[in-house]
Structure formats: structure tokens, C-alpha cells
Amino acid sequence: MGRLVPVAAGLAMIVLEGAAAYADCAATSVAAPLASRSLLLDGADTGSSLVVVGDRGHVLVSADQGASWKQSTVPTRVLLTAVDFVDVKDGWAVGHDAVILRTRDGGATWRIVHCAPEEERPLLDVWFRDAKNGFAVGAYGYFLETRDGGETWHSRFISDDDFHLNVLVPADADGTRLFIAGEAGAIYRSDDAGRTWRALPSPYAGSWFGAVALDRDRLVLAGLKGRLFQSIDAGETWSRIATEVQSTLTGMLRLDDGRLLLTGLEGVILTLDPRSPESRLDRLAARPALAGALELANRSVLLFGQPGVLRHRTGGED
């Protein structure tokens with residue numbers, strides 16, 4: 001088992017250093033004027049605002065497409081790694097110390113619904129089918145589920161391996177088919193809404209950090225050293241998508257026009273259509289480690305990662 005990598009190899013040291021300063025998941029986060037420039041690892045579009053999460057329990061909310069940010073009241077200082085909303089009000093965030101937070105007001109305030117620092121297994125992703133049913137996954141095969149909106153959580157293993165589970169994505173509208181991808185090429189699929197899971201053949205033995213299900217059978221995975229693969233048969237077989245990128249790919253977003261936007265280390269922003277060999281590679285001048293992106297209006301995206309948040313459009317950044 002290698003070093004714990006919550007997002008990507010280049011962010012690992014920053015992530016672990018940021019988490020080490022705060023071992024208590026119940027210590028209230030500190031208001032920070034420069035929170036929008038701190039390490040931020042995930043984001044969600046609630047339909048009325050943008051919410052991003054990251055280092056020291058920071059949760060930031062923007063009601064103006066990322067032009068300005070308001071820091072939320074959060075009852076933890078641990079590193080937050082992922083966030084998910086099922087509607088404009090109900091959302092969850094997860095992070096180190098196995099902390100799980102819930103909001104009922106669109107991200108303005110949060111409360112802890114789960115915390116287990118003694119487990120020493122950070123959570124790395126969270127996804128909810130509806131306001132009641134959801135999953136959280138993380139390091140060393142950590143898999144939690146809830147059926148009561150996060151009030152209680154139950155742990156189980158989905159395989160005999162203890163690979164880090166980095167990302168969970170649904171493949172259909174009702175969440176019947178789900179995919180999990182993680183460390184050492186691990187890929188799992190559930191065809192019964194997460195009750196059972198099956199390990200899938202992997203085209204690569206390195207870790208996966210980004211995943212997008214284009215439909216029930218088409219899945220795209222991104223990971224170490226610019227590796228990008230697509231399956232059109234629900235993960236049974238794979239074909240490589242060629243890119244000119246050697247940097248680790250950390251996140252993937254499906255844009256409204258059907259293209260994929262991938263982020264990575266060294267400031268990589270890669271846009272492509274999985275049905276076409278053509279792609280566009282941009283690279284931020286300072287080459288920061290990026291963790292992911294959210295789509296904005298007017299063909300712009302919000303990038304987040306090591307430099308905090310910034311808006312980006314073709315030809316430059318805001």
C-alpha cells in the first residue's frame with residue numbers, strides 16, 4: 001500500500017500537512033479572509049449557488065458564479081475532501097477523521113453527523129441518491145452508507161482488498177448502476193443501487209482520481225501520468241484515449257455541450273470529446289496543482305485546488 005493520496009500525488013503532501021495540524025474533527029473552523037486562496041479540493045453547484053470545500057474545514061459559498069465568496073460556519077477544522085448536494089438546500093461534505101457534515105440551508109451552516117478519528121481512515125468522496133440514501137467512501141476500503149439522511153451510518157467492505165476508494169459516480173438517473181474507482185487500478189460496479197459490488201478488470205494498475213459516467217454503459221476514468229481510458233460496456237473492456245498529457249489527472253467534469261474537461265497537476269486543463277481524437281490543452285502559467293472544476297455561464301469554468309478558486313475561460317483566467 002502506497003502513501004495516502006486523497007486527490008493526486010502532487011497534492012498529497014499539502015493535504016497531509018494541512019490535516020496534521022488539526023486532529024479534532026469537532027473544533028470550529030476559523031474565519032479566514034484568504035480562505036478562497038487556501039487548498040480547496042471539491043465543489044458542487046446547488047442550482048442557486050456554488051459550494052467549495054477544503055483545508056481546515058473551509059466551506060465557501062458563492063451566489064454570483066464565483067465572483068465573490070462567503071465563508072460558512074463549520075464545526076470542524078479537518079481537511080474536507082468532497083461535497084455533494086441533492087437539491088438547493090440539502091448537502092453533505094466529508095473529510096479526514098471520517099467526518100461527515102450535513103447542511104439544510106444550501107451550505108451556509110453545517111453540523112457533524114459522523115466523526116471517527118480513531119478509524120484513521122479519511123473519507124474521500126460522498127454521493128447521495130436522494131435526501132435519505134447515500135454513500136461515503138475513503139481510504140483503505142472505507143465504505144459507509146446511510147438510509148436516514150445521514151443521521152446514522154453503517155460501515156462494510158465491498159471487496160477483500162483495502163485499496164483507497166477515491167471516487168464514486170452514478171451511471172443512471174436513479175442510481176441503480178454505480179461505479180467506484182480508486183487506488184492500484186481498482187474499479188467496482190454495482191447494478192443494484194449499492195447493495196452488492198463486483199470488481200472489474202482494470203486497464204491500468206495505477207490509481208484513478210477522476211470518473212464520469214456518460215451513460216449507463218459508458219465510463220471514462222482518469223488517473224496517474226495522464227492515463228485516460230473509456231469503456232462502452234460498463235467496465236468489462238477498455239480502450240485508451242490518447243492525450244498529450246503526462247501529468248497526473250485529478251478530476252473530470254462533463255460539460256453541458258458533452259465535452260469532458262479534465263484538471264491535473266502542473267496546471268493542466270484538458271478539454272476533449274471522447275468520440276473524437278481532437279483535444280485542447282491549456283496550462284496555467286504558475287502550474288499549480290488543480291483538483292477539479294465546475295461549469296459556469298459563458299463557456300467559463302471555476303477551477304479549484306492548490307491556489308484556491310479561480311475562474312477560467314478560453315484564453316486566460318479571471
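Rules of the game
- Residues numbered from 1 in each chain as written.
- Predicted model: local features only at pLDDT ≥ 70, side-chain atom pairs only at ≥ 80, totals over all residues.
- Heavy atoms only, no water.
- Pairing = 2+ DSSP bridges.
- Helix = DSSP H or I, 4+ residues; strand = E, 2+ residues; numbered from the N terminus.
- Axes fitted to C-alpha atoms, helices over the stretch in contact; angles between N-to-C directions.
- Buried < 20%, exposed > 50% of the residue type's maximum accessible area, 1.4 Å probe, protein only.
- Lys, Arg positive; Asp, Glu negative; His and termini not counted.
- Salt bridge = Lys/Arg side-chain N within 4 Å of Asp/Glu carboxyl O.
- Polar contact = N/O pair within 3.5 Å; in protein donor to acceptor, adjacent residues only side chain to side chain.
- Contact = heavy atoms within 4.5 Å.
- Phe/Tyr/Trp six-rings, centres within 6.5 Å; stacked < 30°, edge-to-face > 60°.
- pLDDT = per-residue confidence, 0-100.

Here we come to the sheet that holds strand β7 (residues 100–103). Hydrogen bonds along the backbone pair up the strands of a sheet, which may run parallel or antiparallel. Judged by pairing direction, the sheet is antiparallel, and its four strands sit side by side in the order β5-β6-β7-β8 without closing on themselves. At either margin of the open sheet sits one strand with a lone partner, and together these are β5 (80–85) and β8 (111–114). The average angle at which neighbouring strand axes cross in this sheet is 30°, direction not considered. Examined bridge by bridge, β5 and strand β6 (residues 91–95) share five bridges and lie antiparallel to one another. In the strand pairing of β6, F85 is matched with G91.

What follows is about the side chain of D84. Among the structural elements, D84 can be located in strand β5. Despite its burial, D84 pairs with no opposite charge, the nearest such side chain being R129 at 11 Å. At a separation of 2.9 Å, a polar atom in the side chain of D84 contacts the main-chain amide nitrogen of F128. The residues touching D84, leaving out its near neighbours within four places in the chain, are D90, G91, W92, V126, W127 and F128.

A separate point is the pattern of salt bridges. Using the criterion set out here, one finds 17 salt bridges in the structure. Residue R102 pairs with D90 through a salt bridge whose shortest N-O separation is 3.4 Å. Of this pair, R102 sits in strand β7 while D90 sits in the loop between β5 and β6, placing them 12 residues apart in sequence. Across the pair, exposure class does not vary: R102 and D90 are buried alike. A salt bridge links E236 to R189, with the nearest nitrogen and oxygen atoms 3.1 Å apart. Linking E236 in the loop between β19 (228–231) and β20 (239–240) with R189 in strand β15 (residues 187–190), this pair joins segments that are 47 residues apart in sequence. Residue classification places E236 among the partly exposed positions, given a relative accessible area of 33%. For R189, a relative accessible area of 9% translates into the label buried.

For the rest of this paragraph, the subject is the packing of aromatic side chains. Per the stated rule, a full pass over the model turns up seven aromatic pairs. Ring geometry for F85 versus W110: centroids 6.2 Å apart, planes at 85°, classification edge-to-face. You can see F85 sitting in strand β5 and its partner W110 sitting in the loop between β7 and β8, a full 25 residues away along the chain. Ring centres of W92 and F128 lie 3.5 Å apart, and the angle between their planes is 5°; this geometry places the pair in the stacked category. Of this pair, W92 sits in strand β6 while F128 sits in strand β9 (residues 123–128); the two residues are 36 residues apart in sequence, bridging distant segments of the chain. Of the two residues, W92 and F128, neither departs from the other in class, the shared state being buried. These aromatic residues form a ring-pair network of at least three members: W92, F128 and W153.

What follows concerns the side chain of T103. Relative to the helices and strands, T103 resides in strand β7. Taking the relative accessible area as the measure of exposure, T103 reaches 0% and is therefore buried. There is a polar contact of 2.8 Å between the side chain of T103 and the side chain of D105. If we ignore the near neighbours within four places in the chain, the residues touching T103 are F85, K89, D90, G91, A108, T109 and W110.

Quick look at the confidence of the model for the protein now. Looking at the protein, the pLDDT average stands at 91 and 91% of residues meet or exceed 70. Contacts of residues 1–10 to residues separated by more than four positions or lying in other chains number 31 contacts, the stretch itself having pLDDT below 50. Counting contacts from residues 12–23, a segment whose pLDDT is below 50, to residues more than four positions away or on other chains yields 23 contacts.

Moving on to the sheet that holds strand β17 (residues 208–213). With antiparallel pairing, the four strands of this open sheet are ordered in space as β17-β18-β19-β20. In this open sheet, the two strands that pair with only one neighbour each are β17 and β20. Of the pairings in the sheet, the one linking strand β18 (residues 219–223) to β19 comprises four bridges and is antiparallel in character. In the strand pairing of β19, L221 is matched with F229.

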